[in-house]
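# Structural description and commentary
The lines below spell out each chain.
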Amino acid sequence: MTAAGVWEFSSPQGLAHYRNALESYPAQCIVDLRALRDNMRHLVSVSGDAAVMGVVKADAYGHGLIPSALAALAGGATWLGTAQAREALALRRSGIGVDRCHILTWVYNGTQVPFEQLIEQDIDISVGSFAGITRIAQAARHTVASCGKRARIHVKVDSGFGRNGFTPESFDQALAALVPLVEEGLIEIIGQWSHLAVADSPDVPEFVASTDKQIATFHEFTARMKQAGIEAPIRHLANTAATLDRPDIHFELTRPGVGLYGYEPDPAMGTPQTYRLRPAMTLQAQLGTVKDVAAGHGISYGRTYLTPDNTSTAIVPIGYADGIHRSASGFDMQGAQHVNKPGGPVRIMTREGARVLHVSGRVCMDQFIVDLHGKASELGVQEGDTVVLFGPGRGEQAGEPTADDWARAADTISYEIFTCLRNRIPRLYVHAPEVLDDADLALLDPQTIL
Ligand SMILES: *Cc1c(COP(=O)(O)O)cnc(C)c1O
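Residues numbered from 1 in each chain as written. Predicted model: local features only at pLDDT ≥ 70, side-chain atom pairs only at ≥ 80, totals over all residues. Heavy atoms only, no water.

## With respect to the UniProt feature "domain: Alanine racemase C-terminal" (unreviewed entry) in the chain
Keep this limit in mind: UniProt positions are given in the numbering used here, feature names are shortened, and annotations may be inferred rather than shown by experiment. Counting from the N terminus, the helices are DSSP H or I runs at least four residues long and the strands are E runs at least two residues long.
Using the residue numbers shown here, the UniProt feature "domain: Alanine racemase C-terminal" (unreviewed entry) corresponds to residues 280-430. For the annotated span residues 280-430, helix accounts for 12% and strand for 27% of the residues, and the straight-line distance between the end C-alpha atoms is 10 Å.

Put into structure tokens, the structure is as follows:
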């Protein structure tokens, strides 16, 4: 039996790829490119006149860099954003040229990054440190001479996040370093940008006030740039939360990340459905050993879970080495620690319909155990059945767990749930031919197209 929906295969080969993945891996991560495209379409429509950057850092939040980037472009994104330079270069190397989108990269140390390559590949670079200014200027001296390309930079300002960017105190010095480089024709100021600390708490007045303060500071930076004679044509500040909730700060470009993958930034804001988003990723696995155990049987390391009744257990063959959080372990009062805490949810199909059960005991390296709270033979649960850890849906209460439910169980955020999934779990794509044209489709590993 399977607790997953019916997958729509695009061709007999797609079905063959799926069967091959079931044979090769105990779990699969299935990403719906139609959901990714439609989420982007929605984010583009709420962004109004602003352009939209699909943030595809961290392997597109674990969804797979190239397929997700292509789906974002199909949905109307005209920019892509990555943290690391390596990922930005990978996008260009895959064949996503400057005719299709701008790319911005922002996490580096000022000394080791291949700035020349970035400039040659028409990749925009964030600048928020003095070491960065110095090295980019050096690189641009070479590229202007070798291929006539200036560095396209986005000046990062720290409007209150306390992470990257020039502070108000250091900004005069930064402007004094930047202006001559513009005049010399080495750099082109494309953007001014910053990041918000608490845009995902629209109901907390204190946080709204702090976001308003960040916005005011952002405007002050703009004014100071203007005074120095270097106006940035593109200002950007809005992450997913602000893209959805703060149209007043869309400026010329929005930068949604998690929304593209179908999640609201914080469950306190509502559910994906509240924002007309659809989670793109489903994590499914095939059960290993299913067996009967007596009441009072210890389950997994540390005996943190003792079976309350005579029952059956099932093994889900992925663990923390696959990115399943050990903090999503499930304890019960009878266990050694006398703690009552349900583990991460798992949707399992039984003869009477789907049930959501929970990780019982500690998550191990390669597997975890689920108490079925009943006899497997009566429930009809068998080794090889497909179960779902999370997918698109209305949440655990509705029998359809999402990454938000796993985040709650693991005391973290959905972002960490999907970015932690490791490469022992293959990423497979449904609706790829529907979303991508033939040229783009050819950029995917054929084995991953279902
Ligand atoms: C990750 C990131 C984003 C996207 O944030 P979401 O909350 O996922 O929308 C935008 N801007 C910067 C600088 C980021 O690092």
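## A word on the site of the ligand
This is how it is decided: Throughout, near means a residue has at least one heavy atom within 4 Å of the molecule or strand. Counting of polar contacts relies on pairs of N or O atoms within 3.5 Å, with two restrictions inside protein: one atom must be capable of donating a hydrogen and the other of accepting it, and residues adjacent in sequence are counted only when both atoms are side-chain atoms. Computed with a 1.4 Å probe, the accessible areas rest on the Shrake-Rupley method; for each residue, only the protein chains presented here act as cover. Classification convention: Asp, Glu, Lys, Arg as charged; Ala, Val, Leu, Ile, Met, Phe, Trp, Tyr, Cys, Pro as nonpolar; all other residues, Gly among them, as polar.
Taken together, 13 residues are adjacent to the ligand, and Lys57, Tyr61, Thr240, Val258 and Tyr415 come closest. Here an oxygen atom of the ligand sits 2.6 Å away from a polar atom, N or O, in the side chain of Lys57. Thr240 has a polar side-chain atom sitting 2.5 Å from an oxygen atom of the ligand. In isolation the ligand offers 390 Å² of accessible surface; the protein chains occlude 94% of this area. Along the lines of polarity and charge, the residues of the shell around the ligand split into 6 nonpolar, 4 polar and 3 charged.

## Overview of helix α5 (residues 85-94)
So the rule is basically this: For each residue, the accessible area found with a 1.4 Å probe, counting protein chains only, is set against the maximum for its type, and the residue is called buried under 20%, exposed over 50%, and partly exposed in between. Contacts are residue-level and defined by heavy atoms, with any inter-residue pair within 4.5 Å sufficient.
Three or more residues of α5 are buried, namely Ala85, Glu87, Ala88, Leu89, Leu91 and Arg92. Those residues of α5 hidden inside the fold are in contact with α3 (57-61), α4 (65-74), β3 (79-84), β4 (102-107), α6 (115-120) and β5 (123-127).

## Considerations on the side chain of Glu87
Short version of the rule: Charged residues are defined narrowly, with Lys and Arg counted positive, Asp and Glu counted negative, and His plus the chain ends left uncounted. By convention in these notes, a salt bridge is any Lys or Arg side-chain nitrogen within 4 Å of a carboxyl oxygen on Asp or Glu.
Tracing the backbone shows Glu87 in helix α5. One buried charged side chain, Glu87, makes no salt bridge at all; its nearest oppositely charged neighbour is Arg86, positioned 4.7 Å away. There is a polar contact of 3.0 Å between the side chain of Glu87 and the backbone nitrogen of Asp59. Excluding its chain neighbours within four sequence positions, the residues that come into contact with Glu87 are Lys57, Ala58, Asp59, Leu65 and Thr82.

## Things to note about the sheet that holds strand β15 (residues 368-371)
As a reminder of what qualifies: Here, strands pair whenever DSSP counts at least two bridges between them. Under this scheme, a helix contributes an axis fitted over its contacting stretch, all axes are lines through C-alpha atoms, and angles between N-to-C directions fall in the 0 to 180 degree range.
On the basis of which strands lie adjacent, the open sheet formed by 3 strands has the order β11-β12-β15 and antiparallel pairing. Looking at strand neighbours, the two that pair on one side only are β11 (290-293) and β15, the edges of this open sheet. The sheet shows a mean angle of 30 degrees between the axes of neighbouring strands, direction not considered. Bridging between strand β12 (residues 311-316) and β15 involves 4 bridges; their strand directions are antiparallel. Looking at β15, one finds that Ile315 is bridged to Ile369.

## A few points about the state of the cysteines
To keep it simple, the criterion reads: Two cysteine sulfur atoms make up a disulfide if the distance between them is within 2.5 Å.
The tally for this structure, following the rule as stated, stands at 0 disulfides. Its sulfur unpaired, Cys101 is 19 Å from the next cysteine sulfur, which belongs to Cys147. The thiol of Cys420 is not disulfide-bonded; the next cysteine sulfur, from Cys29, is found 13 Å away.

## Observations concerning the domain arrangement of the chain
We count it as follows: For every domain, the bounds stem from an assignment made automatically or drawn from a database. Accessible surface is computed with a 1.4 Å probe, and the buried area is the amount of it that two parts give up when combined, taken over both parts together.
Partitioning the chain into domains gives domain 1 (33-261) and domain 2 (287-425). Of note, the centres of domain 1 and domain 2, computed from C-alpha atoms alone, are 40 Å apart. With 5 residues of domain 1 at the contact, the number on the domain 2 side is 4 residues. Surface buried jointly by domain 1 and domain 2 totals about 410 Å² across both partners, of which 76% is contributed by carbon and sulfur atoms. Interface area lost by domain 1 to domain 2 is led by Tyr61, Gly62 and Val258, which between them contribute 76%. The tally of links from domain 1 across to domain 2 stands at 0 salt bridges. Inspection of the region where domain 1 meets domain 2 yields 0 residue pairs in polar contact (both at pLDDT 80 or more). Here the side of domain 1 that touches domain 2 is composed, by residue class, of 3 nonpolar, 2 polar and no charged.

## Details of the pattern of salt bridges
Going through the model one piece at a time under the given rule, you end up with 19 salt bridges. The salt bridge partner of Arg235 is Glu252, with a shortest N-O separation of 2.8 Å. Remark: Glu252 occurs in the loop between α10 (240-245) and β9 (253-254) and Arg235 occurs in strand β8 (residues 234-238); sequence separation between them is 17 residues. Three or more residues are tied together by salt bridges with common partners; here these are Arg34, Arg37, Asp38, Arg41 and Glu434.

## Some details on the UniProt feature "active site" (unreviewed entry) in the chain
The UniProt record marks Lys57 and Tyr301 with the feature "active site" (unreviewed entry), using the residue numbering of this structure. The largest pairwise C-alpha distance within this set of annotated residues, which runs over 245 residues, is 35.2 Å, so the set is dispersed in three dimensions. Looking at where Lys57 falls in the secondary structure, it is placed in helix α3. Not counting residues up to four positions away in its chain, the partners in contact with Lys57 are Gly81, Thr82, Ala83, Glu87 and Trp106. Looking at the element boundaries, Tyr301 is found in the loop between β11 and β12. Leaving out residues up to four positions away in the same chain, Tyr301 has contacts with Arg362 and Cys364.

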